[in-house]
Amino acid sequence: MTMELPAAFLSEDQFTCSICLDVFNNPVSTSCGHSFCQACISTYWDGGGNGKFYQCPLCKESFRKRPELHINRTLKEITEQFKQMANTEVPMDPNSRLYHHHHLALPPRQRPGEKTETRVQRLSPGFPASHPNDSLPQSPNSEHLDPPSPYSPLRRQSLSSPSDSAPNLSLCPIHSRGLEFFCRTDNTFVCCICVETGEHRGHHVIPAKREWHIKKSQLGIAELELKNLIDVREKKVVEIHNSLREIQAAAKRETDGTVCVFSKLISSLEHCQAEVLKVLRMTRRAAEHRAQDLLRELEEEIAELKKRGSSLSKLDLSEDYMLFLRRFHALSTPPQVKDWSGVSVGSELTSGGILRTVNQVMERFGEEMQILPTACQQSLLDQSVPRPNPRIRRVQEYADDITLDANTAHQRLIISADGQQVHCGERNQLVPDNPERFDRVVCVLARQGFNSGRHYWEVEVGGKTDWDLGVASQSVNRKGKITVSPAHGYWFLSLRDGTEYSFRTEPSTDLTVSLRPSRIGIYVDYEKGLVSFYNVEARLLIYTFTDHFSDTIHAFFSPCTNKSRRNEAPLIICSVAKTE
């Protein structure tokens, strides 16, 4: 037995699916009490379910297991009656609410022979918001847009007044009709007559409420991105605070050590002591000022981001979709913020450079004591500043005889008979696939391994555009794809394209090398975990890296591929001649 429902009490909103914004088709109900078209909720879960839980699109209640939904037959019968009433024109009391809406809101009748081409996009996580079906295409045989079907987006208000579905609905200034639609082409609200016959005919138009739901779903993404930006900056604040504490502690250690050394000297050295302490204070203050500037800048960015976050939260609670859409673009656009990933507060104070310099100078005492303040200040200068380095003569005293181990060489590498040269050939050679051989990266290790002491060797690189030089742990992975970094047992310097120098950390540390070296000196101090690279001819330190060696290490060489003979020159291990 079917129920007869009084038409005056029916509204299209009562029979509208919140996903497709159309009248229910085979309605189903979830356990939380909300109803949707069977196809709509199935498509929504197919596109949005992540295999772990499913959510109600309205209340966001989660279901660990996908619910088995059955057609709500009562709601389906009521919906069918509603559709019949909407399609059938029956005499009604002119004073009834339904009569009023029917005669004021319905567009003109469809002419015989015309076809309705208005289509509705169903909103689901599996489809983009700008699906082509959102547009209202023109009939190819008609100058004007064809009248819509009773349940197309153009009839959303045909059985209910604008105040029932949109309390703040404004009227079109041209046609005095409700601004029920949103024109994406012109980014403005329009009425159904603007869409059918006005200047917005043929534009990308969808119901305003639907655009509101779409943009509201995008708001959550904007809030998440904003939260991530805040989290990154708050972590950077903690990192800078930690760096500042380390610098202050290092400055205290350096100061105490320096005072201890100077206390052993006669009163004639007090002036020199004051100069050294002045360098320390200036360095510490410079680091503190930089840290404070960075902290202040970070706090200002965080405050601005939190302010934007608060505005987003307030906008999310707003039910005025016109205000929402007007403010959405400005608030959802990612703010222009500084990239803090490469920002840090560093100082050579943490390496103990000043105290080591003081001890070395005190050993020589005498005339060198007079240059101590200048030497301390010089030790804190950026290592990339070219200056002759007297240490290169001292490290050359630890020169070793290095030869290449052919059993570790990649198949394309060609090694000289004396084991002193290596270059990359055009194709793989027929060599045994030894366990120790690199099969993916064109590199080779030295026969000699080090697990203690200091060692030094030099390599000729003058004719090459690409190379890698340094040391590698004996236990490194040699098969397949290799990750090269100190954490994976590789410590080496790289040249790419003839100009780009870097030390292979994660990510790589880019270096500025003003004078291109033709011979590279590599110095290793196993106990200190130190590896240094020198420009031998210019007597310049290129880069120093300090780590901890726990395994036997070998000299590492990679001539890189020959790049169509542009990089075919060999790497040559040279005999060490002390630089004067």
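Definitions and cut-offs
Residues numbered from 1 in each chain as written. Predicted model: local features only at pLDDT ≥ 70, side-chain atom pairs only at ≥ 80, totals over all residues. Heavy atoms only, no water. Helix = DSSP H or I, 4+ residues; strand = E, 2+ residues; numbered from the N terminus. Buried < 20%, exposed > 50% of the residue type's maximum accessible area, 1.4 Å probe, protein only. Contact = heavy atoms within 4.5 Å. Areas by Shrake-Rupley, 256 points an atom, 1.4 Å probe, with all protein chains shown as cover. Pairing = 2+ DSSP bridges. Axes fitted to C-alpha atoms, helices over the stretch in contact; angles between N-to-C directions. Core = buried A, V, L, I, M, F, W, Y, C linked by side-chain atoms within 4.5 Å. Phe/Tyr/Trp six-rings, centres within 6.5 Å; stacked < 30°, edge-to-face > 60°. Lys NZ or Arg CZ within 6 Å of the ring centre and 35° of its normal. Polar contact = N/O pair within 3.5 Å; in protein donor to acceptor, adjacent residues only side chain to side chain. Salt bridge = Lys/Arg side-chain N within 4 Å of Asp/Glu carboxyl O. Expected span 1.5 Å × (residues − 1). Arc of directions from axis to C-beta. pLDDT = per-residue confidence, 0-100.

1. With respect to the overall build of the protein
Link 1 in the chain: Across its full length, the protein holds 11 helices and 20 strands.
Link 2 in the chain: Relative to its 580 residues, the protein shows a buried fraction of 44%.
Link 3 in the chain: Counted over contacts in the protein with a minimum sequence separation of 6, partners at least 24 positions apart contribute 65%.
Link 4 in the chain: Of the roughly 31,000 Å² that the protein leaves accessible, carbon and sulfur atoms contribute 50%.

2. Looking at the sheet that holds strand β12 (residues 467-473)
Link 1 in the chain: The strand order β10-β19-β12-β13-β14-β15 describes an open sheet built from six strands, whose pairing is antiparallel. Sheet topology places β10 (444-450) and β15 (509-511) at the edges, where each strand pairs with a single neighbour. Going from strand to strand, the sheet's axes swing by 20 degrees on average, the running direction of each strand aside.
Link 2 in the chain: Sheet topology note: the β12/strand β19 (residues 553-558) ladder contains six bridges and is antiparallel. Across the sheet, S473 pairs through a bridge with I553, a residue of β19.

3. Some remarks on the nonpolar core
Link 1 in the chain: Ranked by internal contacts, the top residues of the largest apolar core, which has 37 residues, are W457, W467, L469, I522 and F557.
Link 2 in the chain: Leave out the neighbours within four places in its chain, and L469 touches V459, V461, W491, F492, L493, I520, I522, F533, F556, F557 and L571.
Link 3 in the chain: In terms of nonpolar packing, the next biggest core, distinct from the first, is built from 28 residues, V237, L277, A287 and V345 among them.

4. Quick notes on the packing of aromatic side chains
Any two aromatic rings considered together are summarised by their centre-to-centre distance and by the angle between their planes.
Link 1 in the chain: Under the defined criterion, the tally for this structure stands at 18 aromatic pairs.
Link 2 in the chain: Ring geometry for Y490 and F492: centres 6.3 Å apart, planes at 90 degrees, overall edge-to-face.
Link 3 in the chain: Y490 sits in the buried class, given a relative accessible area of 2%.
Link 4 in the chain: Pairwise contacts between aromatic rings join F182, F189, W212 and Y321 into one cluster.
Link 5 in the chain: A cation over an aromatic ring shows up here: K338 above the ring of W340, its NZ or CZ 4.5 Å from the ring centre.

5. A look at the sheet that holds strand β5 (residues 181-183)
Within a beta sheet, neighbouring strands are joined by backbone hydrogen bonds and run either parallel or antiparallel to one another.
Link 1 in the chain: Reading across the sheet, the three strands line up as β6-β5-β7 and stay open at both edges, with antiparallel pairing between neighbours. Each edge of the open sheet is held by one strand with a lone partner, namely β6 (188-190) and β7 (205-207). In this sheet, adjacent strand axes meet at a mean angle of 35 degrees when their direction is disregarded.
Link 2 in the chain: Where β5 meets β7, three bridges bridge the pair, whose relative direction is antiparallel. In the strand pairing of β7, F181 is matched with P207.
Link 3 in the chain: Where helix α6 (residues 208-262) meets the sheet, its contacts fall on β5, β6 and β7, and the angle it forms with β7 comes to roughly 85 degrees.

6. Structural notes on the side chain of E458
Link 1 in the chain: Relative to the helices and strands, E458 is located in strand β11 (residues 454-460).
Link 2 in the chain: Taking the relative accessible area as the measure of exposure, E458 reaches 0% and is therefore buried.
Link 3 in the chain: One polar contact links E458 to Y456, side chain to side chain, over a distance of 2.6 Å.
Link 4 in the chain: A distance of 3.3 Å separates polar atoms of two side chains, one belonging to E458 and the other to R519.
Link 5 in the chain: The residues contacting E458, other than those within four sequence positions of it, are Q396, R519, I520, G521, V536, I572, I573, C574, S575 and V576.

7. So, the pattern of salt bridges
Link 1 in the chain: Applying the stated criterion to the full structure yields 19 salt bridges.
Link 2 in the chain: Counted as one network, the salt bridges with shared partners bring together R184, E211 and K215.

8. Details of helix α9 (residues 353-364)
Link 1 in the chain: Relative to the 16 Å expected for 12 residues at 1.5 Å per residue, α9 spans 17 Å between its end C-alpha atoms, a close match to the ideal helical length.
Link 2 in the chain: Within α9 the residues assigned to the buried category are G353, I354, T357, V358, V361 and M362. Across the axial projection of α9, the buried residues extend over an arc of 160 degrees, all falling on one side.

9. Focus: unusual backbone geometry
Link 1 in the chain: The peptide bond linking E506 to P507 adopts the cis configuration, its omega dihedral lying at -5 degrees.
Link 2 in the chain: Along the chain, P507 falls in the loop between β14 (500-503) and β15.
Link 3 in the chain: A positive phi angle, close to 55 degrees, is found at S176, a residue other than glycine.
Link 4 in the chain: Summarising the element assignment, S176 is placed in the loop between α4 (162-165) and β5.
Link 5 in the chain: One non-glycine residue, S564, lies in positive phi territory at about 55 degrees.
Link 6 in the chain: Considering the arrangement of structural elements, one finds S564 in the loop between β19 and β20 (571-574).

10. Observations concerning the confidence of the model for the protein
Link 1 in the chain: Per-residue confidence for the protein averages 78 on the pLDDT scale, and 77% of its residues sit at or above 70.
Link 2 in the chain: Confidence drops under a pLDDT of 50 for residues 89-167, and excluding neighbours within four residues, the segment shows 159 contacts in the predicted structure.
Link 3 in the chain: In this model, residues 382-386 is a region of pLDDT below 50 whose contacts with residues beyond four sequence positions or in other chains number six contacts.

11. Thoughts on the side chain of K236
Link 1 in the chain: Within the element layout of this structure, K236 appears in helix α6.
Link 2 in the chain: Polar contacts involving the side chain of K236 include one to the main-chain carbonyl oxygen of V343, which spans 2.9 Å.
Link 3 in the chain: For K236, the contacting residues outside a window of four places in its chain are L298, W340, S341 and V343.

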